[in-house]
Amino acid sequence: MSRLLRRNSSQLRLLLSSGGQVTRLASSSSSSSSSGEVEPPTSTAQQEIRKPKRQTPPLVPDSEIKKSVFISQSSDVFTNLALEDWLYKNFDFSHHHVLLLWANDPCVVIGRHQNPFTEANVSRLVERGITLARRNSGGGAVYHDLGNLNCTFFSPRERYDRKYNLNIVTRALFREWAIKAEINDRDDIVVMDKKISGTAAKLGHPNSYHHCTILASANKLHLGESLVKEPANYISRATASVPSPIRNLVDVNRTVSVPQLRSAVGYEYLRTAATSLEDGGNTQTMKQRGFQLINPTEKWFPGIEELRSNYSSWDWVIGKTPKFTVQKDLDVKGDDQDMKLKLSVEVEAGLMKEIGIQLPQSDQLVPVVTPLQGKPYNEENLNGIVGALKLVSASNVKQAINGSA
Amino acid sequence: MTTKMAINAKDIFRNQHRLIRFIAQSIRLCSNQSLKAAQAAQQQQQQKSAADFQITASVDAQYTSAPEPVKHDKDLGHQFRASQLSVRLAAPEQLQPKPDNDGELGFGRLFTDHMLKIYYHKSLGGWQRPEITPLENLVMHPAAKVLHYAVELFEGMKAYRGVDGKIRIFRPDMNMNRMNLAAQRSGLPTFEGKEFVQCLSRLISIDSEWVPHTDTASLYIRPTLIGIDPTLGVASSDSALLYTILSPVGSYFKTGSSGAVSLLADPSYVRAWPGGVGNRKMGSNYAPTINVQKEAAARGLQQVLWLYGEDHQLTEVGTMNIFMFYVNDQGEQVLVTPPLSGLILPGITRDSILRMTRQWGKFKVSEATITMPMVCELLNQGRLLELFGAGTACVVSPVNRINYLGQDLYIPTMEQEKPVHELIRESLTDIQYGRVDHPWSVVID
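The rules we used
- Numbering of residues starts from 1 in every chain and runs along the sequence as written.
- Labels are handed out in written order, letters beginning with A for the chains and numbers beginning with 1 for the ligands.
- Since the coordinates come from a predicted model, pLDDT governs what is reported: local features require at least 70, and pairs of side-chain atoms require 80 or more to be given and counted, while whole-chain, interface and lining totals use all residues.
- In computing side-chain values, all of the structure's heavy atoms are included and hydrogens and water are not.
- Numbering of helices and strands starts at the N terminus; helices are DSSP runs of H or I of at least 4 residues and strands are runs of E of at least 2.
- With a 1.4 Å probe rolled over the protein chains alone, any residue whose accessible area is under 20% of its type maximum counts as buried; one over 50% counts as exposed, and the rest are partly exposed.
- It only takes one pair of heavy atoms within 4.5 Å for two residues to be counted as in contact.
- Every accessible area reported is derived by Shrake-Rupley at a probe size of 1.4 Å, with residue values counting cover from the shown protein chains alone.
- In a helix, the anticipated span is given by 1.5 Å times the number of residues less one.
- Summarising the geometry, the arc corresponds to the directions from the helix axis toward the C-beta atoms.
- Known as pLDDT, the predictor's per-residue confidence is scaled from 0 to 100.
- Note on aromatic contacts: the rings of Phe and Tyr and the six-membered ring of Trp form a pair at centre separations within 6.5 Å, being stacked when their planes are under 30 degrees apart, edge-to-face when over 60 apart, and tilted otherwise.
- Comment: the charge-over-ring label is applied if NZ (Lys) or CZ (Arg) is within 6 Å of the ring centre and within 35 degrees of the ring normal.
- Whether two strands pair comes down to DSSP finding at least two bridges between them.
- For crossovers, right-handed means that the path from the first strand over the helix to the second runs clockwise, given strands pointing away from the viewer.
- In this count, Lys and Arg are taken as positive residues and Asp and Glu as negative ones, while His and the chain termini are left out.
- Any Lys or Arg side-chain nitrogen located within 4 Å of an Asp or Glu carboxyl oxygen qualifies as a salt bridge.
- Polar contact criterion, stated in full: a pair of N or O atoms within 3.5 Å, where within protein one must be able to donate a hydrogen and the other to accept it, and residues adjacent in sequence count only if both atoms are side-chain atoms.
- Here, axes are lines fitted to C-alpha atoms. For helices the fit covers the stretch in contact, and angles between N-to-C directions go from 0 to 180 degrees.
- UniProt positions are given in the numbering used here, feature names are shortened, and annotations may be inferred rather than shown by experiment.

Engineer: Give me the overall build of chain B: which residues, what numbers.
Structural biologist: A count of helices and strands for chain B gives 9 helices and 19 strands. Put simply, chain B has 445 residues, and 53% of those count as buried. Taking as baseline every contact in chain B between residues at least 6 positions apart, the subset at least 24 positions apart corresponds to 73%. Surface summary for chain B: the accessible area is close to 20400 Å², and the carbon and sulfur share equals 51%.

Here it is, written out as structure tokens:
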């Protein structure tokens, strides 16, 4: 029996209010932004169907909103990304705001529109058993391990408030450990001028989420080594990360640990009013739904396996890379002289589409025919092309070029 | 039209309800225009075909009677109110991890993170303030009455996650009434059912993530009332504790491959007797049945069929009420269940089935005594169609074999073409999971 993702009641509400023909709501929420930008225009496919005017549902009063803190039992980045996606697509947050806390085994997570090859040394990651993942929201690349806590704040679109969420974190840090943290213009949380958290968000209809990381005790050595790009020249229009100096909270206060951080941020979230930064103390906490452990398996969340296999597929992680060009210098030995050539490979959807050689004096690009064309771009295949070219002598190359000119 | 075509057409007509139901089931409740049209068409189809039943949202006044309000004792003291509820949430370290699959779940092995507790102390004026706390052990005096004289009663209800994601409970007012009647019989204090249901709703909303987001799982609710008076006298309890725990459930019975159960019918074991408390859900009724169940298991049978009297009346199956579907002397189809004579627990599933089938009006529904000789006679004449148990835990449980006085009787429950028990199960679960809007299914959130 096919398992369609069930519509939650708030999606039903929107569908009924807009009337007319609306296609699958889940896929229409295509916007993703890293700094609260306006939603990009709708895709062409939807423009064919007359899109009904979206009516914003009336704001739910503060007293009717109850909060929960969900703690994921899984440490697999693909499962957690799938859980985040499932909640975003299926949950009704209109009367129930949720904070999801999760931590992953060592991995590098890049933003939706990023190029993994410019952000990290992909082949070395594979060697070291560090997973590479691509999330659904925009922004830059981050390194995760179990010393890093991820917080995702879920709410309906009209209740999205990034400053509120970040303040919850800074307040929790102060209340628990008297750590003074500030929020800078890029919406990072900094402690003593060094970044301890990065932010990304996804705004859709009817739901939205804002997630951020908190570096408690991540392995800084691995972090530095993983976020180093492969040695080659990349020309790409993908979103580039803005590298910033980072710090672990444990460097500031030795007693900080991820379990305590979970508890501190969770309680701060529960004790604060839903729509304003007012602390309600224990009486406010008592009115909420509290903490819940979440087991993100098919049994508890039907449809999550499909989401997970999508996140872990090559087509998503590598295949969604925007088109880019790689240039590598080649030294071709000749009888009388060495020729310095530039190998240029154009990669589209992760596959090597056009491979050519650029001559040192001219701008001309001579196409190279190789069986490796159309194959996925990775270090092994690139070295294959380089190796094949190196076997060719300089005179042959000159002859071939002059002959074709 | 050739004979072959006629036969095929007859088959299609006979099974069209199944086809329609299958299609309806595989479309989730999306408010898509085409689905609405399909459902409207399906309802029209069902109205057209004479063989099908309809569920209407209105329950006929003739067959409805709200349970009588309970009369509290004069010196009971004051009642608790849901508005007085205080909550102590479990910290992240106190939470229980959720299991990976159904196999580990069983029935009643795993409990959720929170519980509801309400104390009663006559010396403190009556019912105290209700509180929700993390699931923890109870502490009581070794002379507490519940430990000596089984001064205890309990209830069984379920919370279902509907197709729209909202959680519903089924006819909670009936459970509250039943609980209060049992309290009166055990010398325990009575309470306001409405207030308790509100406290329960708060408890379930806190632990709502223990109900999976599928439409086949449920949360079992176990309210319990115990007498904790620390004195050995056999008298009413001046102190009591009303508490509730929740348990996520998979399937209740370990059944054979077909899903039907086999029963042991041994007249030497009696579960209830006239003038006793067979009609009250008290713990003391169940302890003596454990050994009998063990004997049934030893004989390779799954449940016990409780018989009573010289004529070997069928009273209950395991912990469920029993129903029989047969053809009577006039050639009419009859659904029968034993009457509430004092030996039978007034099950809520039982009551729901009776009301629903009477409303359908497709076959005769009666409450009358069933005896084993009657069962054997009907079986011999091929007039016994179905035999099944009905209870909250599994809705309906079909029976395919009874071991009676050393003989195996095979009941053709699973061999019927359009089994009534399947229809009943589907109708009830449709209401419970919110696929059909019905006043019996109360949304709590």
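Engineer: Can you tell me about the overall build of chain A, naming the residues and giving the values?
Structural biologist: Along chain A, the regular secondary structure elements total 15 helices and 17 strands. Looking at chain A as a whole, 52% of its 405 residues qualify as buried. Sequence-distant contacts, at least 24 apart, represent 73% of the contacts inside chain A between residues at least 6 apart. Total accessible area on chain A is roughly 18700 Å²; 51% of this is exposed by carbon and sulfur atoms.

Engineer: Break down helix α14 (residues 379–391) of chain A for me, with residues and values.
Structural biologist: Residue and element names in this part refer to chain A. The terminal C-alpha atoms of α14 lie 18 Å apart, and with 13 residues this matches the ideal 18 Å at 1.5 Å per residue to within 8%. By the burial criterion, the buried members of α14 are Asn381, Leu382, Ile385, Val386 and Leu389. Along α14, the residues classed as buried sweep out an arc of 140° about the axis, all on the same side. In this structure, α14 carries Glu380 and Leu391 as exposed residues pointing more than 90 degrees from its buried face.

Engineer: Describe the confidence of the model for chain B, naming the residues involved and giving the relevant values.
Structural biologist: Residue and element names in this part refer to chain B. The share of residues in chain B with pLDDT of 70 or more is 84%, and the mean pLDDT across the chain is 85. Taken together, the stretch residues 28–32 has pLDDT below 50 and engages in 16 contacts with residues farther than four places along the chain or on a different chain. Predicted confidence for residues 49–64 stays below pLDDT 50, and this span has 28 contacts to residues more than four positions away or in other chains. Scored as a complex, the prediction yields pTM 0.78 and ipTM 0.73.

Engineer: Mind laying out the packing of aromatic side chains, listing which residues take part and the relevant values?
Structural biologist: This structure, assessed with the given rule, holds 25 aromatic pairs over all chains. The interplanar angle of 65° and the centroid separation of 5.0 Å between the aromatic rings of phenylalanine 325 of chain B and phenylalanine 363 of chain B together place this pair among those described as edge-to-face. Placement of phenylalanine 325 of chain B in strand β13 (residues 320–327) and of phenylalanine 363 of chain B in the loop between α7 (348–360) and β15 (364–367) is noted, with a sequence separation of 38 residues between them. Comparing phenylalanine 325 of chain B with phenylalanine 363 of chain B, the two get one shared label, buried. Through a chain of ring-to-ring contacts, the aromatic side chains of Phe70, Tyr88, Phe91, Phe93, Phe154 and Tyr209 of chain A assemble into a single cluster. The lysine or arginine in question, lysine 299 of chain A, covers the ring of tryptophan 300 of chain A, its NZ or CZ lying 4.1 Å from the ring centre.

Engineer: Which residues make up the pairing of β15 of chain B, and what values go with them?
Structural biologist: Residues and elements named next belong to chain B. Pairing of strand β14 (residues 333–337) with β15 involves 4 bridges; the strand directions are parallel. Along β15, the bridge assignment pairs threonine 337 with glutamate 367. Between the parallel elements β14 and β15, the chain passes through α7 in a crossover that is right-handed.

Engineer: Describe in detail the environment of threonine 429 of chain B, supporting the description with residues and values.
Structural biologist: All names here are of chain B. Structurally, threonine 429 can be placed in helix α9 (residues 420–432). It is 16 Å that separates the C-alpha atoms of threonine 429 and arginine 18, two residues lying 411 residues apart in sequence. If near-sequence neighbours (up to four positions away) are discounted, threonine 429 is found in contact with Val395 and Arg435.

Engineer: Now, about the side chain of glutamate 152 of chain B: what can you tell me, with residues and values included?
Structural biologist: Residue and element names in this part refer to chain B. For glutamate 152, the location among the structural elements is in strand β5 (residues 152–154). Despite its burial, glutamate 152 remains without a salt bridge, the nearest opposite charge being carried by arginine 222 at 6.1 Å. Here glycine 283 takes part through its backbone nitrogen, which lies 2.9 Å from a polar atom of the side chain of glutamate 152. With residues near it in sequence (within four places) discarded, glutamate 152 still touches Val146, Thr224, Leu225, Ile226, Met282 and Gly283.

Engineer: Quick rundown of unusual backbone geometry? Include the residues and the values.
Structural biologist: For residues besides glycine, phi is generally negative; the peptide bonds are generally trans as well. Residues histidine 205 of chain A and proline 206 of chain A are joined by a peptide bond in cis, for which omega reads -5°. Its place among the elements puts proline 206 of chain A in the loop between β10 (199–203) and β11 (207–215). One non-glycine residue, aspartate 187 of chain A, adopts positive backbone phi at about 60°. With respect to the helices and strands, the residue aspartate 187 of chain A is situated in the loop between β7 (182–183) and β8 (189–191). One non-glycine residue, valine 395 of chain B, lies in positive phi territory at about 60°. Relative to the helices and strands, valine 395 of chain B resides in strand β17 (residues 395–404).

Engineer: Just give me the short version of the pairing of β10 of chain A, but keep the residues and values in it.
Structural biologist: Residue and element names in this part refer to chain A. Where burial is concerned, most of β10 is hidden: 5 out of the 5 residues are buried. Judged by which residues are buried, β10 turns out to be covered on both faces: Thr199, Ala201 and Leu203 on one side and Ala200 and Lys202 on the other are all buried. Bridge count for β10 against β11 is 5 bridges, and the pairing is antiparallel. Residue alanine 200 lies in a different strand from β11, and its bridge partner there is histidine 211.

Engineer: Which residues make up helix α10 (residues 258–271) of chain A, and what values go with them?
Structural biologist: Since the α-helix turns once every 3.6 residues, residues separated by three or four places project in the same direction. For α10 of chain A, spanning 14 residues, the distance from its first C-alpha to its last is 20 Å, which sits close to the expected 20 Å at 1.5 Å a residue. Buried within α10 of chain A are the following residues: Val258, Leu261, Ser263, Ala264, Val265, Gly266, Glu268, Tyr269 and Leu270 of chain A.

Engineer: Please give an account of the sheet that holds β11 of chain A that cites residues and values.
Structural biologist: Residue and element names in this part refer to chain A. Within the open sheet, the 6 strands sit side by side as β10-β11-β6-β2-β1-β13. Their pairing is mixed. In the strand order of this sheet, the two ends are held by β10 and β13 (290–294), each with one partner. Sheet twist, expressed as the mean angle between neighbouring strand axes with direction ignored, is 20°. Pairing of strand β1 (residues 66–72) with strand β2 (residues 96–102) involves 6 bridges; the strand directions are parallel. Looking at the pairing, isoleucine 71 lines up with leucine 101 of β2.

Engineer: Which residues make up the UniProt feature "modified residue: N6-(pyridoxal phosphate)lysine" (unreviewed entry) in chain B, and what are the values?
Structural biologist: All names here are of chain B. Annotation from UniProt places "modified residue: N6-(pyridoxal phosphate)lysine" (unreviewed entry) at Lys281. Relative to the assigned elements, lysine 281 resides in the loop between β10 (261–265) and α6 (289–298). In contact with lysine 281, not counting residues within four places along its chain, are Leu153, Phe154, Glu155, Gly156, Arg178, Tyr286 and Leu345.

Engineer: Break down the pattern of salt bridges for me, with residues and values.
Structural biologist: A full pass over the atoms with the stated rule returns 29 salt bridges over all chains. Residue aspartate 85 of chain A pairs with lysine 89 of chain A through a salt bridge whose shortest N-O separation is 3.0 Å. Within this pair, aspartate 85 of chain A and its partner lysine 89 of chain A are both found in helix α4 (residues 77–90), separated by 4 residues, close to a single helical turn. Across the pair aspartate 238 of chain B and lysine 122 of chain B runs a salt bridge, and its minimum N-O distance is 4.0 Å. You can see aspartate 238 of chain B sitting in the loop between β8 (218–227) and β9 (239–249) and its partner lysine 122 of chain B sitting in the loop between β2 (114–121) and β3 (126–127), a full 116 residues away along the chain.

Engineer: Could you give an account of the sheet that holds strand β4 (residues 131–134) of chain A, naming the residues involved and the relevant values?
Structural biologist: Residues and elements named next belong to chain A. The 3 strands are arranged β4-β3-β5 in an open sheet whose pairing can be described as mixed. The outermost strands of the open sheet, each flanked by one partner alone, are β4 and β5 (142–144). Neighbour to neighbour, the strand axes of the sheet diverge by 25° on average, direction disregarded. When strand β3 (residues 107–110) meets β4, the two strands line up parallel, connected through 4 bridges. Following the sheet pairing, valine 109 is matched in β4 by alanine 133. Against the sheet, α4 contacts β3 and β4, and its axis sits at roughly 15° relative to β4.

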